[in-house]
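Chain by chain, the residues run as shown.
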Number of protein chains: 2
Amino acid sequence: MEHITSRRNETVRAVAALRSASARRKQQAFLCEGARLCADAAESGISIRSFFYTQKALQKYPQYLDTIRQHTAGKEYLLEPSVAQLLADTRNSQEIFCVCAFPNTADTTPESFLHRPAAGACLALEQLQDPANLGTVLRTAEALGINCVLLCGQCCDPFSPKALRGGMGAAFRLPLVHFSSFAAAAPLFHQAGWQTMAAVPDTNAEKVTKVDFSVPVIMAVGNEGNGLLPETVAACSRRVTIPMLGRAESLNASASASILMWEMMRGRGRNNG
Amino acid sequence: MEHITSRRNETVRAVAALRSASARRKQQAFLCEGARLCADAAESGISIRSFFYTQKALQKYPQYLDTIRQHTAGKEYLLEPSVAQLLADTRNSQEIFCVCAFPNTADTTPESFLHRPAAGACLALEQLQDPANLGTVLRTAEALGINCVLLCGQCCDPFSPKALRGGMGAAFRLPLVHFSSFAAAAPLFHQAGWQTMAAVPDTNAEKVTKVDFSVPVIMAVGNEGNGLLPETVAACSRRVTIPMLGRAESLNASASASILMWEMMRGRGRNNG
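Residues numbered from 1 in each chain as written. Chains lettered and ligands numbered in written order. Predicted model: local features only at pLDDT ≥ 70, side-chain atom pairs only at ≥ 80, totals over all residues. Heavy atoms only, no water.

Looking up chain A in an unreviewed UniProt entry gives the name RNA methyltransferase, with the organism given as Caproicibacterium lactatifermentans. Under the Sequence similarities (unreviewed entry) heading, UniProt states for chain A: "Belongs to the class IV-like SAM-binding methyltransferase superfamily. RNA methyltransferase TrmH family." (UniProt positions renumbered as here; feature names shortened; annotations may be inferred.)

Trainee: Give a detailed account of the domain arrangement of chain A, specifying residues and quantitative values.
Mentor: All names here are of chain A. Entries for chain A in the domain assignment read domain 1 (2-101) and domain 2 (110-267). Each of domain 1 and domain 2 has a C-alpha centre, and the two are 31 Å apart. Of the residues lining the interface, 13 residues belong to domain 1; the matching set on domain 2 comes to 11 residues. Roughly 1000 Å² is buried in total at the junction of domain 1 and domain 2, and carbon and sulfur atoms are behind 64% of that figure. Counting the surface domain 1 buries against domain 2, the share from its top three residues, Arg-24, Phe-30 and Leu-37, is 40%. For the pair domain 1 and domain 2, the interface holds 3 salt bridges. Of the charged contacts, one joins Asp-40 and Arg-173 as a salt bridge, the two residues approaching to 2.7 Å between their closest N and O atoms. Those elements giving two or more residues to the side of domain 1 that touches domain 2 turn out to be helix H2 (21-27), strand S2 (29-33) and helix H3 (35-43). (Domains from an automatic or database assignment. Contact = heavy atoms within 4.5 Å. Buried area = accessible area lost by both parts, 1.4 Å probe. Salt bridge = Lys/Arg side-chain N within 4 Å of Asp/Glu carboxyl O. Helix = DSSP H or I, 4+ residues; strand = E, 2+ residues; numbered from the N terminus.)

Trainee: Please set out the nonpolar core residue by residue, giving values where relevant.
Mentor: Leu-125, Val-149 and Met-219 of chain A together with Leu-125, Val-149 and Met-219 of chain B are the most contacted members of the largest nonpolar core, which totals 124 residues. Those residues in contact with Leu-125 of chain A, other than ones at most four positions away along the chain, are Leu-134, Val-137, Val-149, Leu-150, Leu-151, Cys-152, Cys-155 and Val-221 of chain A. (Core = buried A, V, L, I, M, F, W, Y, C linked by side-chain atoms within 4.5 Å. Buried < 20%, exposed > 50% of the residue type's maximum accessible area, 1.4 Å probe, protein only.)

Trainee: Just give me the short version of the pairing of strand S2 (residues 29-33) of chain B, but keep the residues and values in it.
Mentor: Sheet faces and side chains relate simply in a regular strand, where the side chains alternate between the two faces. Residue and element names in this part refer to chain B. Counting buried positions along S2 yields 5 of 5 residues, so the element is predominantly enclosed. Side chains Ala-29, Leu-31 and Glu-33 of S2 all project onto a buried face; the interleaved residues Phe-30 and Cys-32 project onto the opposite face, where all are buried too. Direction of pairing for S2 relative to strand S5 (residues 96-101): antiparallel, over a ladder of 5 bridges. For Leu-31, the partnering residue across the bridge sits in S5 and is Val-99. (Pairing = 2+ DSSP bridges.)

Trainee: Report on helix H8 (residues 131-144) of chain B, specifying residues and quantitative values.
Mentor: Helix length check: H8 of chain B (14 residues) gives 20 Å between terminal C-alpha atoms against 20 Å at 1.5 Å per residue, within 8%. Immediately beyond the C-terminal end of H8 of chain B, within one or two residues, lies Gly-145 of chain B, with a positive phi of roughly 90 degrees. (Expected span 1.5 Å × (residues − 1).)

Trainee: Could you give an account of the side chain of Thr-232 of chain A, naming the residues involved and the relevant values?
Mentor: Residues and elements named next belong to chain A. Assignment of secondary structure puts Thr-232 in helix H12 (residues 230-235). What makes Thr-232 buried here is its relative accessible area of 1%. Filtering out sequence-adjacent residues up to four positions away, Thr-232 remains in contact with Glu-126, Phe-182, Ala-183 and Ala-220.

Shown next, in the form of structure tokens:
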């Protein structure tokens with residue numbers, strides 16, 4: 001264990017850099033904050049490169065630190081509170097941090113996704129902007145048993161501190177695959193045996209309650225303000241909608257996604273038994 | 001129209017006070033911010049006591065200001081930008097504000113709720129803490145056609161600036177009734193003909209997919225961290241749960257509420273036709 005007392009320490013500065021998406025891409029790693037979330041990463045099989053805590057955290061969360069230790073050979077560091085501040089994203093930080101490698105990167109390339117036989121239910125998110133929203137959607141996807149989430153176009157980063165917090169660790173376990181364009185990938189999805197569905201706020205589209213979800217499905221959901229790109233809607237084999245009684249514009253992105261995922265899994269009979 | 005140039009102006013200071021819940025209770029009014037939200041309040045029949053805008057807003061949102069004017073006899077004020085700052089809750093304020101009276105207060109007392117014959121589907125929220133969450137839930141409730149939302153115990157204020165923003169104006173139209181304790185009111189709900197259901201994360205509870213929602217139902221949903229109070233669960237006639245495949249703790253309060261409301265309305269056949 002190494003004790004870091006200076007805010008200029010190079011190790012800490014490299015770790016603090018992970019708060020930016022470009023540094024995460026470069027280092028192929030992310031920073032995880034909080035006793036429970038760090039222990040969750042460890043138990044989910046995420047490779048922990050190093051971990052950091054203050055004296056206060058050592059006293060307050062000994063079991064969580066033990067869990068982390070049991071699952072990693074990574075180096076550990078004791079930080080002074082002023083140094084821990086450099087890593088903290090929350091106001092009342094628990095002062096426990098892990099540097100984690102991105103999960104299963106080989107299994108979640110677009111190529112590997114397209115080479116596997118189509119099976120189950122996937123959600124595709126297009127250009128989602130709000131990390132807290134993304135976290136919530138991933139958390140719901142995991143809870144409902146969605147098999148995989150495709151992040152399409154310029155989505156915010158699921159490994160940002162805010163998205164990780166909102167996601168309660170879902171990103172550690174749920175396969176996430178990046179596609180630069182849903183529309184461009186759609187013919188390949190179809191070739192691989194997927195049905196693609198565009199979720200649209202259009203009363204003329206098929207009602208989600210009437211759709212057969214027993215086939216392998218990718219449901220595409222758009223972003224908070226603008227919905228799906230027109231080319232994505234055009235590229236999908238079907239258009240589905242959530243029938244509403246009130247104002248159509250009144251479902252936000254994560255509420256829509258929750259209901260759509262619920263219907264996908266409900267229709268599969270897996271939540272129905 | 002009066003022009004306010006001083007940040008010490010008494011009218012503005014009284015309006016700025018409405019950012020606190022206690023001032024809202026005392027004045028029986030709330031502050032609404034943003035061109036669209038203010039126009040929405042006006043069109044929803046909310047009584048607008050006065051409204052405020054800057055020169056910039058006057059140029060940028062003339063139609064919205066016209067809408068407000070058409071629906072109110074309230075006084076209007078032109079503010080200097082530095083004065084508008086005192087009222088703004090957002091970083092990039094649109095610099096349009098309305099002081100609004102609470103909606104339909106006579107129809108939404110606990111007594112009037114209990115005197116009406118039970119009919120339709122209500123959601124009861126207990127001790128919800130996060131205003132953005134509350135806003136989202138109200139927005140979803142309106143979209144799905146929930147008839148009324150009961151706010152039980154120490155819930156955050158649906159008329160706070162954050163809750164209003166998240167709710168996209170749902171609080172203007174959706175009847176909201178406050179009960180100091182769900183458990184204490186439950187016998188009265190039953191007497192009035194309501195079925196009460198406690199949403200619990202318990203695999204032994206009735207699956208929400210198996211519940212008959214054709215009767216008048218109040219579904220009670222707990223807060224973000226702790227769920228429902230034990231006495232509330234005990235007071236309800238039934239316990240229902242959302243069947244999940246993933247981690248049970250992984251549905252957050254607003255995702256749970258979305259799915260439960262969806263099932264209530266789906267089961268009613270109203271979203272199914």
